[in-house]
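Letter by letter, the chains look like this.
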Amino acid sequence: MSDISLSKAVRTNLLSLQNTATMMAATQDRLATGNKVNSALDNPTNFFTASALNSRAGDLNQLIDNMANGVKTLEAADNGLTSITKTLESMQSTLRQARQDKSFAVDTFEVGKDSTLKVAGGRFGESTDIKLQAPSGGTKASVSFAAAYAEPSIVGSAGNGTIAGAGARAVISYNASHFTATSKMKVDGQEITFDGDGNATDTAAAIQTALGGSGSDYTVTADTVRNSIIIENKDKTLASPKVELGSGITAATYGETSFTYNAAHAGTVTVGGQEISNGGGSFDEFVTALNAKAEDGGYTVIADKATQKITLRNAEPGATAAPTISGLREPLGAKTTFDLTGAAGTASNEIDFTIDSIALNDIVGADAATVGGNLKTAIEGNATLNAKYSVTMDGDNLVLTQKAGGAGKTAAVMTATATGTGTAPTSTTGAFVDGDSTGIAVTRTNGAAGASTKTLDAAAHKFSVNYGGKSVDLNIVGRDATSATPKEDQLKSINDQLKAGGLSDIVATFDADEKLVLTSTNPEAKTLAISGTSNDLFGTKTVSTGAAAVSAYKATNAVDQFVEEINGNAATSKFLRASNDNGKLRIENLSTQELSVDFDKDGANGAAATSHKIAGNSVREGLAKQFNELKDQLNKLSDDASFNGINLLRGDQLTITFNETGNSFMQIKAGDDRGVNSQSLDISDLSAVELDADENIDKLLGDIKLALNEVRSQSSAFGSNLSIVQNRQDFTKNMINTLETGAANLTLADMNAEAANLLALQTRQSLSSSALSMASQADQGVLQLLR
């Protein structure tokens, strides 16, 4: 027992030493790496969690460079905008300098009361004569009818000539078979019931009564020549009455052809005899081409782009065929071909056929082709078969083609029985070829007879009045015969139209000869012109130019009178400035362009006339060049504001990604695709002549101010973008630190605790070694005693 017990103690101490050695190795490993979790075997949860955190931190760390590049790109763009702002301010200063400069070239002339100065060049568009004017009251522009006023008219019924002063009307086609004794319709929303089952005259009277009799707003008459009923507005300024046919009236329908457009199956299309060249183009192109030919083709177009459906409708309703169309590849109909070889028959020896169980008896013919021709006629005469098949003959073969295209059809079935000496075809089994569904299915619906309505505008004189850059379309309807003052009412209507259109400075009157006269209210150098469909009313004189009034000069001497003439005349005061220079006429050329002056002192156009040149303003001309140079520098600054290949001022887009998945990002762009440059800021090169007029310089200064506001606004936007990116940059750095710290907390070892643990394990190892030595010695002693 003692021997066994001592051996167990040795084994226990050996096992303790091995465990201690393993634990010391693990502790030394943690002390060497600084990690308490070095593999998934140490702690799977912490190991994989830390790996994920470190991986995300690594991804975010890569985005830091992208953000840094974005910051520098924005800073580069902002540097460009700062310099562009300074350039715009310099351009602004250049324009202000031009505005303030008054160094205009001058020349002097010894003028008399008869002198003439002919000026050209400078800011004058064409040669202009300057001379003293005699006082006058001016001339008003005026045009008038060539003859006394006559009421406008429309064409009446055949043989009835024209109808003067007709009001707007609705015309209802009349046929007693389309109306009943309780016919209903609405006129401008008023529903009426009337007896229409008679004749046009009686029906018109019934409608008049239903509308309120002769005291109503309408006059109802019958046009027995054209079989129609006319409902006319008594107030000729109103539009035609709106008529809606109701119950008890058979309304005519329109013939229509409908299909769903497919460019792949449309070639050169012909509609109503009009060739449409855009077949095969886009839907919009095809519809545009159809509309262009619609009036000549006698149809209207109804198009639905969403469904690509197009409907061609006859221009007029009634029992007419639907509009014809060719050039569309329609689905093929199934075809059955019957060989009629051997068929022959004469009177009393006929052949009785059936097609799809429909009997077609007593068919005769000396040979197969003749029998086929007569059978074709019989098929086309049968409503059911004719609706289903198109019939042709090909030699001795009768070909039945189904009108409805598409696949999956069945063959036509024929039987033939001869009587007497007649002979039936050798075979009545047809050769069948199925149809196909490829192409454009066309649906045709013919129109049906019935009542229909159309509207006609009131008879009117129509023309346009143009004056001082404004234009008004006049519509002069007939006079109101029921009014006590028809002419005055008509004039008021005309003048109201002129005022409504902005021509309050034109007045309409009638002269003593009853001619309509249009006259300007003031004598002005403006042109009054007539154009439009009824301008022949004015004969050959359709244009009149007025003249401004000329006041007497205040001055008594010629020089001061010329000063008044030049400085007080709008035609010259913008381009020249005149003054009295010690008894001579002093003229300043208010332009950067050279001015030519032909001076005729006595106004006789003789050889004494002299030519003069007044130079342009060279200072303003130089400032225009300076402005253009600054504009070029602005564009170069915009071109040079790039960083790492991206230039926001030239329209590039900067994309900055903020997270590792890529779904958080920011796209930065300056304005539109043009970026920030002279084009996007609407700044163009200046010609010297643009600095001639102070008001034009003021406009240019306004444009530069707008450009400055736009640049400053863009700079503010970039500043806001930069703040966002820098904020995200700091956030990302802090996030990386948080992720790495969190990962470290899961895996890093406590070095003090691990060192203390190692010391404890070393002590434990030493004690275990001593215990093992003592146990071994005890075992050896026992063995010695046994020996």
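Our structure is the block above this text.
My aim in this report is to walk through the structure given alongside it, one point at a time. (Residues numbered from 1 in each chain as written. Predicted model: local features only at pLDDT ≥ 70, side-chain atom pairs only at ≥ 80, totals over all residues. Heavy atoms only, no water.)

1. Digging into the overall build of the protein chain
As a reminder of what qualifies: Secondary structure elements follow DSSP: runs of H or I of four or more residues count as helices, runs of E of two or more count as strands, with numbering from the N terminus. Whether a residue is buried, partly exposed or exposed follows from its accessible area with a 1.4 Å probe, protein chains only, as a fraction of its type maximum: under 20%, in between, or over 50%, in that order. Every residue pair with non-hydrogen atoms within 4.5 Å of one another is taken to be in contact. In these tables, accessible area is a Shrake-Rupley quantity obtained with a 1.4 Å probe, and a residue counts as shielded only by the protein chains included in the view.
Scanning the protein chain from N- to C-terminus turns up 12 helices and 39 strands. A total of 787 residues make up the protein chain; the buried ones form 37% of that total. Pairs at least 24 residues apart make up 65% of the contacts formed inside the protein chain by residues separated by at least 6 positions. Total accessible area on the protein chain is roughly 40,300 Å²; 49% of this is exposed by carbon and sulfur atoms.

2. A word on the nonpolar core
Definition in use: Only buried residues count toward a nonpolar core. Its members are Ala, Val, Leu, Ile, Met, Phe, Trp, Tyr and Cys residues joined through side-chain atoms within 4.5 Å.
Residues Leu 88, Leu 95, Leu 691 and Phe 718 are the most contacted members of the largest nonpolar core, which totals 45 residues. Among the elements of the structure, helix H2 (44-100), helix H10 (618-640), strand S38 (654-657), strand S39 (665-668) and helix H11 (694-747) are those that each provide at least two residues to this core. The element best represented in this core is H2, accounting for 14 residues. Setting aside residues up to four positions removed in sequence, Leu 691 forms contacts with Leu 95, Ala 98, Arg 620, Leu 623, Ala 624, Leu 686, Ile 697 and Leu 700. Judged by nonpolar contacts, the second largest core, of 22 residues, contains Val 143, Val 465, Ile 506 and Ile 530.

3. Focus on the sheet that holds strand S8 (residues 183-187)
As a reminder, the rule being used: Each pair of strands is called paired provided DSSP finds at least two bridges between the two strands. Orientation is described by axes fitted as lines to C-alpha atoms, over the contacting stretch for helices, and by angles from 0 to 180 degrees between their N-to-C directions.
In spatial order, the strands read S9-S8-S12; together these three strands make up an open sheet with antiparallel pairing. Both edges of this open sheet fall to strand S9 (190-194) and strand S12 (243-245), since each of them pairs with a single strand only. Each strand axis lies, on average, 25° off the axis of its neighbour in the sheet, ignoring direction. Relative to S9, S8 is paired through five bridges, and the arrangement is antiparallel. From the neighbouring strand, Lys 186 faces S9, where its bridge partner is Glu 191. Against the sheet, helix H3 (residues 200-210) makes contact with S8 and S9, and its axis sits at roughly 135° relative to S9, the strand it touches most.

4. Observations regarding the side chain of Glu 565
Selection criterion: Counting rule for charge: Lys and Arg are taken as positive, Asp and Glu as negative, and neither His nor the chain ends is counted. Definition used for salt bridges: Asp or Glu carboxyl oxygen within 4 Å of a side-chain nitrogen of Lys or Arg. Throughout this description, a polar contact denotes any pair of N or O atoms lying within 3.5 Å of each other; where both atoms belong to protein, one of them has to be capable of donating a hydrogen while the other can accept it, and for residues adjacent in sequence the pair is counted only when both atoms sit in side chains.
Looking at the secondary structure, you find Glu 565 in helix H8 (residues 558-568). Lys 131 provides the closest opposite charge to the buried, unpaired Glu 565, separated from it by 10 Å. At 2.6 Å, the side chain of Glu 565 and the side chain of Tyr 553 are in polar contact. Once you skip the residues sitting within four places of it in the chain, Glu 565 turns out to touch Ile 130, Lys 131, Leu 132, Gln 133, Tyr 553 and Thr 572.

5. Regarding the pattern of salt bridges
Inspection of the entire model under this criterion finds 24 salt bridges. Across the pair Glu 89 and Arg 712 runs a salt bridge whose closest N-O atoms are separated by 3.1 Å. Note that Glu 89 is positioned in helix H2 and Arg 712 in helix H11, a separation of 623 residues in sequence. On the basis of relative accessibility, which here comes to 34%, the residue Glu 89 falls in the partly exposed class.

6. Some thoughts on the pairing of strand S17 (residues 309-314)
In this structure, strand S13 (residues 256-260) lies alongside S17, joined through five bridges in antiparallel fashion. Across the sheet, Phe 259 pairs through a bridge with Ile 310, a residue of S17. Pairing between strand S16 (residues 299-304) and S17: six bridges, direction antiparallel. By the bridge assignment for S17, Val 301 is matched with Leu 312. Counted along the chain from S16 to the antiparallel partner S17, the turn is four residues long, and its residue Gln 308 has a positive phi close to 65°.

7. Focus: the sheet that holds strand S15 (residues 274-276)
The three strands are arranged S15-S14-S18 in an open sheet whose pairing can be described as antiparallel. Each having just a single partner strand, S15 and strand S18 (325-328) make up the two edges of the open sheet. Looking at each pair of strands side by side, their axes are set apart by 15° on average, direction ignored. Alignment of strand S14 (residues 266-271) against S18, held across three bridges, turns out to be antiparallel. When the sheet's bridge partners are listed, Thr 270 is paired in S18 with Ser 326. Sitting on the sheet, helix H4 (residues 283-297) is in contact with S14 and S15, with an inclination near 175° to S15.

8. Some details on helix H7 (residues 486-500)
Applicable threshold: One fewer than the residue count of a helix, multiplied by 1.5 Å, yields its expected span. To obtain the arc, one takes the directions from the helix axis to the C-beta atoms.
Taking 1.5 Å of rise per residue, the 15 residues of H7 would be expected to cover 21 Å, and the 21 Å separating its terminal C-alpha atoms lies within 8% of that figure. Along H7, the positions that sit buried rather than exposed are Gln 490, Leu 491, Ile 494, Asn 495 and Leu 498. End-on view of H7: buried residues confined to an arc of 130°, all on one side of the axis. In H7, the exposed positions angled more than 90 degrees off the buried face are occupied by Lys 492, Lys 499 and Ala 500. For H7, the elements touching its buried residues are strand S28 (460-467), strand S29 (470-477), strand S30 (506-510) and strand S31 (516-520).

9. As for helix H5 (residues 368-381)
The α-helix winds at 3.6 residues per turn, so residues separated by three or four positions along the chain end up facing the same way. With 14 residues, H5 ought to run about 20 Å at 1.5 Å a step, and its terminal C-alpha atoms sit 20 Å apart, in line with that. Turning to H5, the residues buried within the fold contact strand S20 (351-355), strand S21 (358-363), helix H6 (383-388), strand S22 (389-394), strand S23 (397-402) and strand S24 (414-418).

10. Digging into the environment of Gln 402
For Gln 402, the position within the fold is in strand S23. The sequence separation of Gln 402 and Asn 386 amounts to 16 residues, and the corresponding C-alpha distance is 9.6 Å. Discounting chain neighbours no more than four positions away, the residues touching Gln 402 are Gly 333, Ala 334, Lys 388, Tyr 389, Lys 409 and Thr 410.

11. Let's talk about the packing of aromatic side chains
For any two aromatic rings, the description comes down to two numbers: the centre-to-centre distance and the angle of the planes. Let me state the cut-off plainly: Each Phe, Tyr or Trp ring (for Trp, its six-membered ring) is paired with any other whose centre lies within 6.5 Å, and the angle between the two planes then decides the class: stacked below 30 degrees, edge-to-face above 60, tilted in between. Each ring is checked for a lysine NZ or an arginine CZ that lies within 6 Å of its centre and within 35 degrees of its normal; such an atom marks a charge sitting over the ring.
Per the counting criterion, the structure on display carries 10 aromatic pairs. For the pair Tyr 149 and Phe 510, a centre-to-centre distance of 5.7 Å together with 75° between the ring planes defines the contact as edge-to-face. In this pair, Tyr 149 sits in the loop between strand S4 (142-144) and strand S5 (153-155) while Phe 510 sits in strand S30, placing the two residues 361 residues apart along the sequence. Here the two residues Tyr 149 and Phe 510 agree in accessibility, since each one is buried. Put simply, the rings of Phe 145, Phe 463 and Phe 538 pair up and form one aromatic cluster. Between the NZ or CZ atom of Arg 313 and the centre of the ring of Tyr 254, over which it lies, the distance is 5.2 Å. The ring centre of Phe 510 lies 5.0 Å from the NZ or CZ of Arg 479, which sits over that ring.

12. Overview of unusual backbone geometry
For Ser 348, which is not glycine, the phi dihedral falls at a positive 70°. Counting through the fold element by element, Ser 348 comes out in the loop between strand S19 (335-339) and S20. For Ser 348, a relative accessible area of 59% gives the class exposed. For Glu 514, which is not a glycine, the phi torsion comes out positive at approximately 65°. Note that Glu 514 resides in the loop between S30 and S31. On the basis of relative accessible area, Glu 514 is assigned to the partly exposed category, the value being 28%.

13. Some points on the layout of surface pockets
The following threshold applies: Put plainly, a pocket is an open set of points on a 1 Å grid over the protein atoms alone with protein on both sides within 12 Å along at least five of seven lines, a cavity is a set where a 1.4 Å probe fits but cannot get out, and a lining residue has an atom within 4 Å of a point. Grid points are joined across faces, edges and corners, and a volume is the space filled by probe spheres set on the points. Ten residues, namely Ala, Val, Leu, Ile, Met, Phe, Trp, Tyr, Cys and Pro, are considered nonpolar, four, namely Asp, Glu, Lys and Arg, are considered charged, and the remaining ones, Gly among them, are considered polar.
By volume, the second largest pocket amounts to about 450 Å³. Lining the second largest pocket we find 16 residues, and of these Ala 549, Val 550, Glu 565, Gly 568 and Asn 569 sit closest to its centre. When grouped by side-chain class, the residues that make up the lining of the second largest pocket number eight nonpolar, five polar and three charged.

14. Topic: the pairing of S21
Sheet topology note: the S20/S21 ladder contains four bridges and is antiparallel. Its bridge partner being in S21, Ile 355 is matched across the sheet by Ile 358. Between the antiparallel neighbours S20 and S21 lie two residues, among them Asp 356 with a positive phi of about 50°.

15. Description of the environment of Gly 406
With respect to the helices and strands, Gly 406 occurs in the loop between S23 and S24. Sequence-wise, Gly 406 and Pro 331 are 75 residues apart; in three dimensions their C-alpha atoms are separated by 5.7 Å. Contact partners of Gly 406, with chain neighbours within four places excluded, come to Pro 331, Leu 332, Asp 434, Gly 435, Asp 436 and Ser 437.

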